[in-house]
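# Summary of the model geometry
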Amino acid sequence: MIAFDFDYYKPETVHDTISLYEDLKNKGKKVMYYGGGTEFITMSRMNNIYADAILDIKGIPELNICKIKEEKLIIGAGVTLTKIAELDFFPLLSKTVKRIADHTVQDKITIGGNLVGSIIYKEAALPLLVSNSDILVGNKDGIQRQKLMEYWNKNLKDKEGDLIIQFIVDTRYLHLPYVHVKRTKNEKIDYPLISIAALKDGDRINIGFSGLCDKAFRSLDIEDILNDNSISDKERIHRIIQRVPYEIIEDIYGTCKYRKFMLSKMLEEIVDEFREDI
Ligand SMILES: Cc1cc2nc3c(=O)[nH]c(=O)nc-3n(C[C@H](O)[C@H](O)[C@H](O)COP(=O)(O)OP(=O)(O)OC[C@H]3O[C@@H](n4cnc5c(N)ncnc54)[C@H](O)[C@@H]3O)c2cc1C
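Residues numbered from 1 in each chain as written. Predicted model: local features only at pLDDT ≥ 70, side-chain atom pairs only at ≥ 80, totals over all residues. Heavy atoms only, no water.

### Some details on the sheet that holds strand S8 (residues 163–170)
Taken together, five strands build an open sheet; the order of strands is S4-S5-S8-S6-S7 and the sheet is antiparallel. In the strand order of this sheet, the two ends are held by strand S4 (66–69) and strand S7 (142–147), each with one partner. Ignoring which end each strand starts from, the neighbouring axes of this sheet average 20 degrees apart. Taken together, the six bridges between strand S6 (residues 134–139) and S7 define a ladder with antiparallel strand orientation. Its bridge partner lying in S7, asparagine 139 is registered against glycine 142. (Pairing = 2+ DSSP bridges. Helix = DSSP H or I, 4+ residues; strand = E, 2+ residues; numbered from the N terminus. Axes fitted to C-alpha atoms, helices over the stretch in contact; angles between N-to-C directions.)

Shown next as structure tokens:
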């Protein structure tokens, strides 16, 4: 049971959603968007979050699109992980989302919710980051299309109230050689100890990480090291581990030392897999 009362709204357009959000916020209300609702329901039942009003965004047409148009794959932020996997336009993304939670929960979780919710892993971001995707965001200043990588690195405060509308992927990335590897502590279905998605664009490997730090990330600095063929695999992997841009997590799933060990094994696997692909 949810122990607090809240108002429920189901706006039908992007414009109405943003105006309603601003209006309620200006009245001092705590407002949340409601995609799949998995995080909202779980956390509100445990009294970990509170909202005066929720805006159910599932009825907005732009958020429910998943199609290829003019050499771009457009994925609405309200599309569920199940639908993304079933349509399978982008095999790296399909493979990644199939390892998030179980089938029942995948049927509810939306890709927008996975990327902006408060659970740190955000694994669905990795394929989108490594494919240089764009994001379409709406807020009181209008609708802006920007590079996901730039948006990803902005402060949370600067993103407050943003409605994520769509992700846009250039079709040339969809069928590049790819690898997705996820390691968990015990079960196959669990939060990641480390999850990595990578694709090979020409001679260059693009790579993103989740579970390693408290933020999912893609680092161009790490990619430069990974793609430096003048040094041995062993040395490259050693340097990458030194250059992880955020603090490596130490928690019940694994120590920092164990994660470093695991990371080196996973990187070896990925380098070998792409080498076999040549
Ligand atoms: C059992 C379980 C297992 C999980 N396992 C994993 C895992 O292995 N790996 C992983 O990466 N994640 C995992 N997750 C995290 C999950 O992907 C997130 O909790 C995600 O938020 C759920 O999406 P939702 O659509 O249900 O979000 P909701 O509960 O609807 O919303 C969550 C938050 O996102 C915001 N939001 C939602 N959509 C939008 C939008 N379009 N624009 C702006 N803000 C929006 C809401 O305001 C809210 O703050 C797991 C979650 C559960 C419940």
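Past the structure itself, the notes keep going.
### Some points on helix H2 (residues 38–45)
Within the sequence span of H2, burial applies to Phe40, Met43 and Ser44. When H2 is viewed along its axis, its buried side chains cluster within an angular range of 95 degrees and face the same direction. Looking at the buried positions of H2, the neighbouring elements they touch are strand S2 (31–34) and strand S3 (53–56). Two residues or fewer after H2 comes asparagine 47, characterised by a positive phi angle close to 60 degrees. (Buried < 20%, exposed > 50% of the residue type's maximum accessible area, 1.4 Å probe, protein only. Arc of directions from axis to C-beta. Contact = heavy atoms within 4.5 Å.)

### A word on the pairing of strand S11 (residues 204–210)
In terms of residue burial, S11 counts as a mostly covered element, since six of its seven residues are buried. Here strand S10 (residues 194–201) pairs with S11 via seven bridges, running antiparallel. Looking at the pairing, leucine 199 lines up with asparagine 206 of S11. The hairpin formed by S10 and S11 contains two residues between the paired strands, and glycine 202 there has a positive phi angle of roughly 65 degrees. Two elements, S11 and strand S12 (residues 217–218), share two bridges in a ladder whose sense is antiparallel. Across the sheet, phenylalanine 209 pairs through a bridge with phenylalanine 217, a residue of S12. The turn linking S11 back onto S12 is made up of six residues, and glycine 211 within it adopts a positive phi angle of 85 degrees.

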